[in-house]
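Report on the structure
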Amino acid sequence: MKIQREMVVPGPGQSFRLFSPSLRDHFYWHYHPEVELVYVEATAGIRHVGMHVSSYVESDLVLIGPNIPHLNFDYGLQTEYHQVVVQLKEDFLGSALVHTPELAAVERLFARAAFGLSFGGVVKQRVGAELKAMFSLPPFEQLMALLRIFYVLAEESGLALQLNEENTSVKLFLNDKIRMSSVYEYIHSRYDREPDVNEIAAQVHLSTAAFCRYFKRQTRMTFTDFVNQYRVGQAKTLLLQGRPVSAVAYEVGLESVSYFNKLFRRHAGENPSDFKKRHLGVNRI
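**Quick word on helix α5 (residues 180-190)**
Those residues of α5 not exposed but buried are Met180, Ser181, Val183, Tyr184, Tyr186, Ile187 and Arg190. The inward-facing, buried residues of α5 abut β4 (35-49), β5 (52-64), β6 (70-71), α6 (197-203), α7 (208-219) and α8 (223-239).

**Overview of α8**
Helix length check: α8, at 17 residues, gives a terminal C-alpha distance of 24 Å against a target of 24 Å (1.5 Å per residue), a fit within 8%. Along α8, 15 of the 17 residues are buried, which leaves the element largely enclosed by surrounding structure.

**A word on the environment of Val232**
Along the chain, Val232 turns up in helix α8. C-alpha separation for the pair Val232 and Arg193, spaced 39 residues apart in sequence, amounts to 14 Å. Those residues in contact with Val232 that sit more than four places away from it in its chain are Leu263, Phe264, His267 and Ala268.

**A short note on the pattern of salt bridges**
For the coordinates displayed, the defined rule picks out ten salt bridges. When the shortest N-O distance is used, the salt bridge between Glu34 and Lys89 registers 3.7 Å. Of this pair, Glu34 sits in the loop between β3 (29-31) and β4 while Lys89 is found in the loop between β7 (82-88) and α1 (96-99), placing the two residues 55 residues apart along the sequence. For Lys89, a relative accessible area of 47% translates into the label partly exposed.

**Quick notes on the packing of helix α2 (residues 104-112) against helix α4 (residues 139-155)**
With their axes 9 Å apart at the nearest point, α2 and α4 run at an angle of 75° to one another. Taken together, α2 and α4 sit at an angle that is classed as roughly perpendicular. Residue-level inspection shows Ala105, Val106, Leu109 and Phe110 of α2 in contact with α4, the latter providing Phe150, Tyr151, Leu153 and Ala154. Across the contact of α2 with α4, the residue classes tally to eight nonpolar, no polar and no charged.

**Describing the nonpolar core**
In a soluble, globular protein the nonpolar side chains are often hidden away together inside. By size, the foremost hydrophobic cluster in this structure holds 39 residues, and its most contacted members are Val183, Tyr184, Ile187, Phe211, Phe223 and Phe260. Going through the elements one at a time, β5, α5, α6, α7, α8, α9 (245-251), α10 (257-268) and α11 (272-280) are the ones with two or more residues in this core. Of all the elements, α8 adds the most residues to this core, at eight residues. Those residues within four positions of Phe211 in sequence are excluded, and the remaining contacts are Val183, Val197, Ile200, Ala201, Val204, Leu206 and Phe223. Counting residues in each nonpolar core, the second largest holds 33 residues, with Val84, Leu88, Val127 and Leu131 among its members.

**As for the packing of aromatic side chains**
Scanning all chains against the criterion turns up 13 aromatic pairs. With 5.7 Å between their ring centres and 35° between their planes, Phe211 and Phe215 make a pair best called tilted. Of this pair, Phe211 and Phe215 both sit in helix α7, four residues apart, which is roughly one turn of the helix. Taken individually, Phe211 and Phe215 each receive the classification buried, so the pair is uniform in this respect. Ring centres of Phe215 and Phe226 lie 5.4 Å apart, and the angle between their planes is 80°; this geometry places the pair in the edge-to-face category. Here Phe215, found in helix α7, pairs with Phe226, found in helix α8; they are eleven residues apart in sequence, far enough to count as distant. Note on accessibility: Phe215 and Phe226 belong to one class, buried.

Rules used throughout
Residues numbered from 1 in each chain as written. Predicted model: local features only at pLDDT ≥ 70, side-chain atom pairs only at ≥ 80, totals over all residues. Heavy atoms only, no water. Buried < 20%, exposed > 50% of the residue type's maximum accessible area, 1.4 Å probe, protein only. Helix = DSSP H or I, 4+ residues; strand = E, 2+ residues; numbered from the N terminus. Contact = heavy atoms within 4.5 Å. Expected span 1.5 Å × (residues − 1). Salt bridge = Lys/Arg side-chain N within 4 Å of Asp/Glu carboxyl O. Axes fitted to C-alpha atoms, helices over the stretch in contact; angles between N-to-C directions. Parallel < 35°, antiparallel > 145°, perpendicular 65-115°, else oblique. Nonpolar A, V, L, I, M, F, W, Y, C, P; charged D, E, K, R; others polar. Core = buried A, V, L, I, M, F, W, Y, C linked by side-chain atoms within 4.5 Å. Phe/Tyr/Trp six-rings, centres within 6.5 Å; stacked < 30°, edge-to-face > 60°.

Right under this line is the structure:
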């Protein structure tokens, strides 16, 4: 599957689209000219925006600029989740962003969205709750609520994590003839064994050396590092289901618990037992 352009159609009488997609079984590597705000509540998942690849735990709030390729945030999720997505044109208010001083901060926020922005902490929880509440509002109140949300994000944009160092709009990806979906699907099906870089290189018709260069250019990490990060992401989901650390290590393809602990600490910043304790509590370890 090549990168796809998503056609965004706002609801009747509306200037934006508000919906709750569910695509966990689909690798949807796509782009669109619209700005997108995504809020997802899940045990753990993958965040792939432009060239940035990382994982999130419990929830994620990301603002994505126009034409930035991104993967659906629910791809491969094994547990229950809830997702809210807002899509809108940059000029959904006509020229108001340019000519209304009160909206100047929002205009700057949209400009920074070209790099992808991830919000955390209190603002993530507040905006997430407000996005979920929008479904019960009539269209005009939804618009007012959305403007308030963008104003809050603009005020907190200095604390947001910028996901890409440069603009990664789709023009940088259109000439890419390699199917990243094939790579993802291969890793997803083999992470619990031992993914073979030679095998996936052959599948996408590259030499191993050429594939390694390509993969690092696309994801800013080596194939091995990416597989290990993917394993840690899957391990988080399993740990939050209450599985023992030793069992989780085996389920993500690592027979050595000590190596699993080292790998988890490298990618997550803490031991798997500490991660589990922090999220589930002492009595559930």
